[in-house]
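Descriptive structure summary
Spelled out from the first residue to the last, the chains are:
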Amino acid sequence: MRSEKRRDVRARGLRVAGLAALALLLAACAPHATQDSLKPQGPYAREIKNLFVPVFWVAAAVFFLVEGGFVYILLRYRHRKGRDRMPAQTHGNTRLEIGWTIVPAVVLAAVMVPTVATIFDLARKPPAGALNVTVEGRQWWWNFKYTDADMKNAAGGPIATPDVMVIPTGRPVYLSLEAMGGLIGGTNPDFEVIHSFWVPELAYKQDVVPGRTNHILLQADHTGTYFGQCAEFCGLSHGLMRFRVLAMTPADFATWASQEKQGAASPTDPFAQKGMDFFLNGSCVQCHTITGLQGAGGVSAPDLTHYANPAHSCAASCAIDTLDPSQLSRWLANPAAIVPGSKMPNYHLSADQIQALVAYLRSLT
Ligand code: CUA
């Protein structure tokens, strides 16, 4: 009876070990991970990796020493048949105890030196010439406001891009992180909650906390798209709260900024004009801004002035591709079907209204 029970326990142990090994194997199935902090693409992310690697090896050595000693003692001094006498009891060993107090203290002190140095280094004031961007964490999207004096839009406010932050390569970007909330369209609450801003390839992670402004620096070595993600549970669509950082050459960045400074032009296509009229006379303007369109100045939802600028390429927390009109149609038909809990209401638009709105939004380059 007892041996049967033991066999059961052993079988269960094997199953658990097998599942754990499978999980480990599957966890390694990402040859081209886009959010890999071990492949830093800029100096600030590199500083974090340079700290992580030595600390990891120290921790690994400690792990194998402690666990190895533990397993050795378990096996070496296990109970054996026919040896039922009580082993000699030891009460304290001063030399050993001093040893295992001092050695960990020395190891921790050794780890602390580069850790504290990195913390201070990353917390330093922005270098001269940094690009200043205010990042707003909303439910559930990110807004990027370019606050430098030479980054004003046609209305005199900061250029703002939802979901995609555009930066020049080789230049530090100083971020001011703020949590935002409020009533959308006067009724729908957008709760001010904690988010966490993380672009693993470009910077370390930083919480975005209501009522205070946190700062981090990021920088990209090369042009390209870097993927970011909210890293703090913030409500129903936390897992969909994605964004992108688009790094351009300084020349391309200047060209992009000069486009962004322009307000939106009225469309010439009559169908798109119909969409613009609907946008103005419907509920859209309560929440959305389109610089250059009189009466569209809402601030609780994404600024759509350059919605269809091909550089931005994603909208609605990057759940939709702005270059694909069918995705925008699906979004307008039922936002919550794409981003559950989305603060964008379902206005039960007709197919005609949706098509006109899509034509208008697609004219906003
Ligand atoms: Cu925002 Cu999670």
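For the structure itself, consult the block above.
Let me sum up the structure you'll find in this document. Sequence order sets the numbering: in each chain, residues are counted from 1 along the sequence as written. In view of the model being predicted, local features appear only for residues whose pLDDT reaches at least 70, and side-chain atom pairs are presented and counted only at 80 or more, with totals across whole chains, interfaces and linings using the full set of residues. Each side-chain value is derived from all of the structure's non-hydrogen atoms; neither hydrogens nor water enter the calculation.

**Things to note about the overall build of the protein chain**
By definition, any uninterrupted DSSP run of H or I lasting at least four residues is a helix, any uninterrupted run of E lasting at least two residues is a strand, and each is numbered from the N terminus. Counting its regular elements, the protein chain contains nine helices and 14 strands. A principal-axis box enclosing the C-alpha atoms of the protein chain has dimensions of 95 × 60 × 35 Å. Only protein chains enter the area calculation, which uses a 1.4 Å probe; residues under 20% of their type maximum are buried, those over 50% are exposed, and those in between are partly exposed. In the protein chain, which comprises 365 residues, the proportion classed as buried is 36%. The contact definition used throughout considers only heavy atoms, calling two residues in contact when any of these lie within 4.5 Å. Of the contacts formed within the protein chain by residues at least 6 apart in sequence, a portion of 63% connects residues at least 24 apart. Residues scored as positive are Lys and Arg, those scored as negative are Asp and Glu, and His as well as the terminal groups of each chain are ignored. Where a charge sits is defined by one atom per residue type, namely NZ (Lys), CZ (Arg), CG (Asp) or CD (Glu). In the protein chain, the 32 positive side-chain charges and the 27 negative ones have mean positions that sit 17 Å from each other.

**As for the environment of arginine 124**
Mapped onto the elements, arginine 124 comes out in the loop between helix 3 (94–122) and strand 1 (131–138). Judged by its relative accessible area of 35%, arginine 124 falls in the partly exposed class. Beyond its immediate stretch of four places on either side in the chain, arginine 124 contacts Tyr44, Glu47 and Leu217. We call two N or O atoms a polar contact when they sit within 3.5 Å, provided that within protein one can donate a hydrogen and the other can accept it, with sequence-adjacent residues counted only if both atoms are side-chain atoms. Here the side chain of arginine 124 touches aspartate 121 through a polar contact of 2.6 Å, landing on its backbone oxygen.

**Structural notes on helix 9 (residues 351–361)**
Those residues of helix 9 not exposed but buried are Ile354, Ala356, Leu357, Val358, Tyr360 and Leu361. The secondary structure elements touched by the buried residues of helix 9 are helix 5 (270–281) and helix 7 (325–333).

**Observations regarding the environment of serine 266**
On the secondary structure map, serine 266 appears in the loop between helix 4 (250–261) and helix 5. Judged by relative accessible area, which is 52%, serine 266 ranks as exposed. The spatial distance from the C-alpha of serine 266 to the C-alpha of serine 363 is 8.5 Å, given a sequence separation of 97 residues.

**Considerations on the pairing of strand 12 (residues 242–248)**
Burial of strand 12 is extensive: five of the seven residues sit out of reach of the surface. Here strand 4 (residues 164–168) pairs with strand 12 via five bridges, running parallel. If you follow isoleucine 167 over to strand 12, its bridge partner there is alanine 247. Strands pair, by our definition, only if DSSP identifies at least two bridges between them.

**Brief notes about a nonpolar patch on the surface**
Together, Leu38, Phe52, Val53, Phe56 and Trp57 make up an exposed nonpolar region whose accessible area comes to about 500 Å². Counting through the fold element by element, leucine 38 comes out in the loop between helix 1 (2–27) and helix 2 (43–76). Each patch is assembled from residues with relative accessible area greater than 30% and no salt bridge, linking like charges that lie within 9 Å and nonpolar side chains (Val, Leu, Ile, Met, Phe, Trp, Tyr) that lie within 5 Å. Per-residue and other accessible areas follow the Shrake-Rupley method at a 1.4 Å probe size, with only the shown protein chains counted as cover for residues. Whenever a carboxyl oxygen of Asp or Glu lies within 4 Å of a side-chain nitrogen of Lys or Arg, that contact is scored as a salt bridge.

**Here's the deal with the pairing of strand 1**
With seven of its eight residues buried, strand 1 lies for the most part within the structure. Pairing of strand 1 with strand 5 (residues 173–179), which is carried by seven bridges, proceeds in the parallel orientation. Looking at the pairing, glutamate 136 lines up with glutamate 178 of strand 5. Pairing between strand 1 and strand 2 (residues 141–146): six bridges, direction antiparallel. Bridge pairing in strand 2 places threonine 134 opposite lysine 145. Hairpin remark: strand 1 followed by strand 2, antiparallel, with two residues in the connecting loop.

**Section: the state of the cysteines**
Criterion for a disulfide: a pair of cysteine sulfur atoms within 2.5 Å. Per the counting criterion, the structure on display carries one disulfide. The side chain of cysteine 314 participates in a disulfide bridge whose partner is cysteine 318; the two sulfur atoms lie 2.0 Å from each other. As a non-bridged cysteine, cysteine 287 has cysteine 284 as the owner of its nearest cysteine sulfur, 8.8 Å distant.

**A look at helix 5**
One fewer than the residue count of a helix, multiplied by 1.5 Å, yields its expected span. Counted at 1.5 Å a residue, the expected span for helix 5 with its 12 residues is 16 Å, and the 16 Å between its end C-alpha atoms agrees. Of the positions making up helix 5, those classed as buried are Ala272, Gly275, Met276 and Phe279. Viewed end-on, helix 5 has its buried residues packed into an arc of 100 degrees, placing them on one side of the element. Those residues of helix 5 that are exposed and aimed more than 90 degrees away from the buried face are Pro270 and Asn281. Lining the buried residues of helix 5 we find helix 6 (284–287) and helix 9. Our arc is simply the arc of the directions from the helix axis toward the C-beta atoms.

Note that every value here comes from positions in space, so none of it alone points to a role or purpose.
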